[in-house]
Amino acid sequence: MSAMSISSMSGLVSVLLAAGLVACASAPPPAPVTVALTDATPTAMVVAIRAAGQGNDELAVQPLRDTRVEDLREAARQHEHARRYAQAAQSLDDAIAIVADDPMLLQERAEVAVLTQDYAMAATLAERAFALGSQVGPLCRRHWKTIEQARLKSGDAAAAAAAGQRIDVCTVAAPNRF
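Presented here is a report on the structure given in the accompanying data block. (Residues numbered from 1 in each chain as written. Predicted model: local features only at pLDDT ≥ 70, side-chain atom pairs only at ≥ 80, totals over all residues. Heavy atoms only, no water.)

### Re the overall build of the chain
A tally of helices and strands in the chain yields eight helices and zero strands. For the chain, the α and β elements follow one another from N to C terminus as α-α-α-α-α-α-α-α. Each of the 178 residues in the chain was classed as buried or not, and the buried ones make up 35%. When the accessible surface of the chain is split by element, carbon and sulfur atoms take 61% of a total near 10900 Å². (Helix = DSSP H or I, 4+ residues; strand = E, 2+ residues; numbered from the N terminus. Buried < 20%, exposed > 50% of the residue type's maximum accessible area, 1.4 Å probe, protein only. Areas by Shrake-Rupley, 256 points an atom, 1.4 Å probe, with all protein chains shown as cover.)

### Focus: unusual backbone geometry
Unlike most non-glycine residues, R83 shows phi in positive territory, near 65 degrees. Following the sequence through the fold, R83 ends up in the loop between α3 (67-81) and α4 (85-98). Taking the relative accessible area as the measure of exposure, R83 reaches 63% and is therefore exposed. The residue Q135 is not glycine, and still its phi comes out positive at about 65 degrees.

### Examining the layout of surface pockets
Its volume calculated, the second largest pocket comes out at about 160 Å³. Sorting the residues of the lining of the second largest pocket by element identifies α3 and α5 (103-115) as the ones contributing at least two each. Among the elements that line the lining of the second largest pocket, the one with the most residues is α3, at four residues. Its residues placed into classes, the lining of the second largest pocket shows three nonpolar, no polar and seven charged. (1 Å grid on protein atoms, 1.4 Å probe; cavity = no way out; pocket = protein on both sides within 12 Å on 5 of 7 lines; lining within 4 Å. Points joined across faces, edges and corners; volume = space filled by probe spheres on them. Nonpolar A, V, L, I, M, F, W, Y, C, P; charged D, E, K, R; others polar.)

### Notes on helix α8 (residues 157-169)
The end-to-end C-alpha distance of α8 is 19 Å, a good match for the 18 Å that 13 residues give at a rise of 1.5 Å each. The complete set of buried residues in α8 reads A160, A163, G164 and I167. Looking straight down α8, one finds its buried side chains confined to an arc of 105 degrees; they lie on one side. For α8, the exposed residues lying more than 90 degrees away from the buried face are A158, Q165, D168 and V169. In the core, the buried residues of α8 are packed alongside α7 (138-154). (Expected span 1.5 Å × (residues − 1). Arc of directions from axis to C-beta. Contact = heavy atoms within 4.5 Å.)

### Describing the pattern of salt bridges
Applying the stated criterion to the full structure yields eleven salt bridges. With its nearest N and O atoms 2.8 Å apart, the salt bridge here joins E111 to R50. Residue E111 is located in helix α5, and its partner R50 is located in helix α2 (residues 42-52); the two are separated by 61 residues in the primary sequence. With relative accessibility at 0%, the residue E111 sits in the buried group. R50 gets classed as partly exposed once you look at its relative accessible area, which sits at 28%. For R73, the salt bridge goes to E108, with nearest N and O atoms at 2.4 Å. Of this pair, R73 sits in helix α3 while E108 sits in helix α5, and the two are 35 residues apart along the sequence. (Salt bridge = Lys/Arg side-chain N within 4 Å of Asp/Glu carboxyl O.)

Here it is in C-alpha cells:
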C-alpha cells in the first residue's frame, strides 16, 4: 500500500467514526423502564382495597339502587368469582351505562380493572368515583387504596404515598345515638 492510500484510509475511518458518533448522539434515549414498587398480585391488591373499606362503626350512606343495576352487579360478582374478568368488566360497564355517576359502580369497575392489570384505568375510575362520592367513609378508603395500588404498580412512589395518606382522612365516626 502506498503512503497516500494509508492516509486516505485513516481519513475515511475518521470521517466514518465521526458520523457514527453524531448518529448515536442524535438517537432518542431509550424509553424509561417502569419498575413496580410492589410485587403484589392483582388479586392480592383487590383484597387489600376491599379490606380498606371494612369497618362497621362509622357512617356509610347506601343509596337505593335500580334493580337492573343490581342484577348486573350480581352478574359481575359471579364472573369475578369465576375469574372471568372481561365479562365482569362488561357487566359493570353495562350498569354504568344505566347510572353513569354511581361511585360504587365506578369503584367496582376500578377493582376489576386492577384484576385485568389496567392500572391506569383503575386509578382514573377511582379518582372519578371519589370526585362524585361523599368523600368520606368505607368507599372513600377503597377509592384511595385503589389509587395507591395503581401508583405503586406504575412506580410512582410519591403519588402512592400521597394516596396512602388520604385513606385515613376518609374515616368519620358515626354520630352518637342517645
